[in-house]
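Residue-level structural notes
Residues per chain, in single letters:
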Amino acid sequence: MNKKYLIITIICFVISLISGILSNDIIIGGANLFTALLCAYFSCEGKRTSYILGLINYLLIGYVSLINHLYGLFIFGVIICPIFQIQGYISWSKNLNEDKTVKVREFTLKNSIIITISCLIGSTILSYILSLIPNERIAFLDALSNIINLCGVVLAILRFKECWWIWLFNNIIDLSIWIITFIAKGEGSTMMLLVSIGYLLINIYGIIKWNIEAKKIRE
């Protein structure tokens, strides 16, 4: 393993372990935070490993979401996500640079408009469906988070650098969801809040990293 990647892995493990001990949620919470941080980091680096870690992380998120009655996040993490993780791994494997990192692409204003409209329509429909489920909390935010996250996942599979902007916006929504759940003393919400904060910071790095890669291609 690359020395830099090894150091990052150790740092993420230590942070996850300490956070798990402090929140009394070492097994599920610690594994959730660890896989989330590593998945996001390796995505920034354009490494296919991120899809393996992402699959594990989404399954953990699905579990925590289920026990907190966030059924939209549960469905996304357990049913929808595995399909996209497998597809993403295959897609990236076919589009690698010589250093085994993925080739980055950019899209146009037309793509941006289509994605924005699709997110709004999709979240509205899904929020209505989720509101029909008994005990579902904050249906619209839950739905919006899932639709935007899904858009980001699709863009990442297609190797568009704009996926990081989509995920950054989704992180803000996720933070709102888990802050509300944390205040309500939801089970596992402390670690999910930490996961959201970790994603936010790493996504900012992802924006910078993929913009640099896209600039190299343009030149």
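Here, every reference points to the structure presented above.
Residues numbered from 1 in each chain as written. Predicted model: local features only at pLDDT ≥ 70, side-chain atom pairs only at ≥ 80, totals over all residues. Heavy atoms only, no water.

To continue, consider the state of the cysteines. Applying the stated criterion across every chain yields a total of zero disulfides. Residue Cys-12 stays outside any disulfide, its sulfur separated by 11 Å from that of Cys-44, the closest cysteine. In this structure Cys-81 is not part of a disulfide, and its nearest cysteine sulfur, from Cys-39, lies 8.4 Å away. (Disulfide = S-S within 2.5 Å.)

Right, let's get into empty space enclosed by the protein. In total, this model carries one cavity of 30 Å³ or more according to the counting rule given. Approximately 420 Å³ is the volume found for the largest cavity. Together, 30 residues line the largest cavity, and Tyr-58, Asn-149, Val-153, Trp-167 and Tyr-199 are the ones closest to its centre. Broken down by secondary-structure element, the contributors of at least two residues to the lining of the largest cavity are helix 2 (26-44), helix 3 (49-67), helix 4 (71-93), helix 6 (139-157), helix 7 (163-183) and helix 8 (189-218). When grouped by side-chain class, the residues that make up the lining of the largest cavity number 17 nonpolar, 12 polar and one charged. (1 Å grid on protein atoms, 1.4 Å probe; cavity = no way out; pocket = protein on both sides within 12 Å on 5 of 7 lines; lining within 4 Å. Points joined across faces, edges and corners; volume = space filled by probe spheres on them. Helix = DSSP H or I, 4+ residues; strand = E, 2+ residues; numbered from the N terminus. Nonpolar A, V, L, I, M, F, W, Y, C, P; charged D, E, K, R; others polar.)

What follows concerns the pattern of salt bridges. In total, this model carries four salt bridges according to the counting rule given. Among the ionic pairs, Lys-4 bridges to Glu-45, the shortest N-O distance being 3.6 Å. Remark: Glu-45 occurs in the loop between helix 2 and helix 3 and Lys-4 occurs in helix 1 (residues 3-22); sequence separation between them is 41 residues. Since its relative accessible area comes to 40%, Lys-4 is described here as partly exposed. The partner of Glu-45 in a salt bridge is Lys-209, with the nearest N and O atoms 3.7 Å apart. Of this pair, Glu-45 sits in the loop between helix 2 and helix 3 while Lys-209 sits in helix 8, and the two are 164 residues apart along the sequence. Owing to a relative accessible area of 6%, Glu-45 belongs among the buried residues under this scheme. Given the relative accessible area of 21%, Lys-209 is considered partly exposed. The network of salt bridges with shared partners includes Lys-4, Glu-45 and Lys-209. (Salt bridge = Lys/Arg side-chain N within 4 Å of Asp/Glu carboxyl O. Buried < 20%, exposed > 50% of the residue type's maximum accessible area, 1.4 Å probe, protein only.)

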